[in-house]
Protein chains: 2
Amino acid sequence: MPRKTPLSAYVDLQDAFATDVKSVANQQSLGEIFTASCRFLSKLETVELRSLVSSKEYFAFTDGTRVSRAVNKRLFLDEPTQWEVFCRALAAKKVPDLDAETITRVIYSVAVGFFCYIDLTKDGDQKTPGTFFEYLIGHLMARRLDVNPKVRLPVLNLDLEATLPTDFVFDLGPNQAKFHVPVKTSTRERVIQVWAHQRVLDGVYGTGRFLGTPVILGETKTDRKKREVIEICLPDQWRIYQMHIAQLKRIYYLDIPVTYEKLNEVFPPLSVKPFGQFFLEADILPT
Amino acid sequence: MPRKTPLSAYVDLQDAFATDVKSVANQQSLGEIFTASCRFLSKLETVELRSLVSSKEYFAFTDGTRVSRAVNKRLFLDEPTQWEVFCRALAAKKVPDLDAETITRVIYSVAVGFFCYIDLTKDGDQKTPGTFFEYLIGHLMARRLDVNPKVRLPVLNLDLEATLPTDFVFDLGPNQAKFHVPVKTSTRERVIQVWAHQRVLDGVYGTGRFLGTPVILGETKTDRKKREVIEICLPDQWRIYQMHIAQLKRIYYLDIPVTYEKLNEVFPPLSVKPFGQFFLEADILPT
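Below: a short report on this structure. (Residues numbered from 1 in each chain as written. Chains lettered and ligands numbered in written order. Predicted model: local features only at pLDDT ≥ 70, side-chain atom pairs only at ≥ 80, totals over all residues. Heavy atoms only, no water.)

All names here are of chain A. Sheet architecture is open: three strands sit in the order 2-12-11, paired in mixed fashion. Only two strands of the sheet have a single partner each, and these edge strands are strand 2 (50-51) and strand 11 (220-223). When strand 2 meets strand 12 (residues 228-231), the two strands line up parallel, connected through two bridges. Residue pairing across strands places Ser-51 opposite Val-229, the latter belonging to strand 12. (Pairing = 2+ DSSP bridges. Helix = DSSP H or I, 4+ residues; strand = E, 2+ residues; numbered from the N terminus.)

Our next topic: the interface of chain B and chain A. Taken together, the contact pairs 24 residues of chain B with 24 residues of chain A. Summing both sides of the interface, chain B and chain A together bury roughly 2200 Å²; the carbon and sulfur share of this comes to 69%. Three residues, Leu-160, Ile-240 and His-244 of chain B, lead the burial of chain B against chain A; their summed loss comes to 26% of the area buried on that side. Where chain B touches chain A, the interface holds zero salt bridges. (Contact = heavy atoms within 4.5 Å. Buried area = accessible area lost by both parts, 1.4 Å probe. Salt bridge = Lys/Arg side-chain N within 4 Å of Asp/Glu carboxyl O.)

Here the idea is plain: a probe the size of a water molecule rolls over the atoms and shows the empty space left. Residues and elements named next belong to chain A. By volume, the second largest pocket amounts to about 580 Å³. Mapped by element, the contributors of at least two residues to the lining of the second largest pocket are helix 4 (100-121), helix 5 (127-145) and strand 11. Residue classes in the lining of the second largest pocket are distributed as seven nonpolar, eight polar and ten charged. (1 Å grid on protein atoms, 1.4 Å probe; cavity = no way out; pocket = protein on both sides within 12 Å on 5 of 7 lines; lining within 4 Å. Points joined across faces, edges and corners; volume = space filled by probe spheres on them. Nonpolar A, V, L, I, M, F, W, Y, C, P; charged D, E, K, R; others polar.)

This next bit is on the sheet that holds strand 3 (residues 58-62) of chain A. Residues and elements named next belong to chain A. Read from one edge of the open sheet, three strands run 1-3-4, paired in antiparallel fashion. In this open sheet, the two strands that pair with only one neighbour each are strand 1 (45-48) and strand 4 (71-72). As paired strands, strand 3 and strand 4 are joined by two bridges and run antiparallel to one another. Directly across from Phe-59, in strand 4, lies its bridge partner Val-71.

Further remarks concern the packing of aromatic side chains. Aromatic ring pairs are defined here through the distance separating the ring centres and the angle between the ring planes. Residue and element names in this part refer to chain A. Applying the stated criterion to the full structure yields 52 aromatic pairs over all chains. When the ring of Trp-83 is compared with that of Phe-86, the centres are 6.1 Å apart and the planes differ by 65 degrees; the resulting orientation is edge-to-face. Highlighted residues: Trp-83 and Phe-86, both in helix 3 (residues 81-91), separated by three residues, approximately one helical turn. Judged by relative accessible area, which is 1%, Trp-83 ranks as buried. (Phe/Tyr/Trp six-rings, centres within 6.5 Å; stacked < 30°, edge-to-face > 60°. Buried < 20%, exposed > 50% of the residue type's maximum accessible area, 1.4 Å probe, protein only.)

A few words on the relation of the copies chain B and chain A. Laying chain B over chain A is done by rotating through 180 degrees and shifting 0.0 Å along the axis; what remains is an RMSD of 0.0 Å. Put plainly, the chains are arranged around a two-fold axis. (Least-squares fit on C-alpha atoms with pLDDT ≥ 70 in both.)

With that out of the way, let us pick up helix 5 of chain A. Helix length check: helix 5 of chain A (19 residues) gives 27 Å between terminal C-alpha atoms against 27 Å at 1.5 Å per residue, within 8%. The element helix 5 of chain A is extensively covered by neighbouring structure, given that 16 of its 19 residues are classed as buried. (Expected span 1.5 Å × (residues − 1).)

Now the structure itself:
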C-alpha cells in the first residue's frame, strides 16, 4: 500500500470526522497526518528566524523557494511516536502521567507540522489549516470529555424559535457543565467575537451554565522579508472585554503569547494557560 | 489639466481625509471620484443578473473580460450632478427638501460606482472599496452632525489606563448625544462585533450615552458563474444579539435587505432604515 501523504490522510479525516468526533478512527487519521507531515518536513532545510519575542526562538521550513510559517523551536517535536504515547495516556485516563508542557508540545507539533506542509505545497491556503485545527482540537476535547460536540443550539424563547450556530459546545448532560469552545489559529481584533458569543450563551441559557474555554494556536506574525517574528497582542482590550462583555473561564494557547501569559498575574486575572493544562484540569474546571 | 481618474481622485481624498473629515475639500474629492467613475462606467456594457431577491433587480458592468459586482438597478444613478444637489442641500441644512429615497440613491451611486471601477481595474482588491466606503460615510455623517469623528476613546477605569479603538465616534459635546458608527460594505457573521462594541461602550461609559447607528452598504452575494444575486441575512441571530448583547438605535443600509427591513415590523422591533433617513432624523435620534 503506498504511504499516505499528509493531504490524503487529511481527506480521510475530513470524510469521517463528523460521524463520531471522538472516534479512534479520527485519532488514527490525526496520527497518520502527523507521521506523514514529519516525513515530508524531515527532507527540508530550516532557516532561523529573528525572534522579537523575548525567551522564544522560531525557525521556518523551506524547500528553497517557499518558506513556511514560523515554528516555535522549544515546542516543535519531530517525533510521531509521541502522538501514540499521548493517545494511550488519554485512553487509559492516565493523562496525569504526562505533564501539561509535554501534552502542549505534542499537540502543537501535530498542528504546526501539517500547517507547514500546506504552506510549502499550496499557495495562500488559509482554510485547510483552520479546518484541520478545528478537527484536531475538537477531537481531543471530545476524547477527554468523553462526549461529542454540537455546533448548533436551539433557542426556545417564547415566540422566537431559532437555532444559534456556535463553535463547539460539549454538553456533559443534565446538571453538568457545558463547555463553549471557539477554536482559532490566531485571533487579533476578531477576538471580541469570542466574548460576544459567550455573552449570548449567558443571556439565552443563564450565566455560568457554559464555561467559555477558547483554544488558540498562537499570535505570532512573521515578516517574511526581514525574517522576523513578533506576537500581536491586545491585553488591555482583553481585560475590558472580560469586564464588560462576558467572563471566559480559560483561554488556552498552544504557543502562549508572553504578553497574555502575564494577564494571570494582574487583578482581576484572566486565566490564560497552555492547552496541555486542560487535560489535567478538565474535571475540576466546573468547580 | 488632464482629467482625474477615479483612482487619482481617490488618492487625493486619502491624503487629505483625516486632516478635516467634514471639509469641503473632501466633499469635492468625493464628487470628482463619482464623476470620474461615471465617465469610466458609461463606456462599458452591462449584463443583466438573475435576482433571487424579490422586488429587486440587479445588473453588472463588464469590459468583456471582467464583470463588476452586482448593482441595484433602482438605486444606481449615473448622474454626477446629483452629488452637487445633495451637497448644496446638506450645506444649506435643507436636507428635508430631498426625500430619504433620493439621498440613499445618490450615496449608493457614489459608493457602487467607485467599487465597480475597482472591480474592473484591479484584481481582488477588497481593501480599497472598504476604505473608500468609510471615507464616504464618515465625511457625510460629519457634515450632517457638524463635528469630526474620533477613532480612539480613552478608558479611564481606576488603575487600567488604555484607549479603546472604535469605529467612528461622533461626540456632539457635553450632555449631548454621541454616535457610535461602525461602517461596513457587508456584515455576514462578523456583525456580532457591532453589538459587542456597543456593549463595551455601554459598559465603560454607561448605557444610553452612545447611540449605535452602523451604516452598511448591502448584503448581496453574486454567483458570477450562474450570474445570480442573493441576499445573505441572519434575522433571528440579529434579534438575539439585540436582546442579549446590546441595543442598537438604528441599522442603516444603502441597499436595505428585504429580510432585515421586515425586522421593523416584529416586536421588539429592530429599526433597520435606508441611510438617507439619517439625514432627515439625525436631530431627533437622541430623543
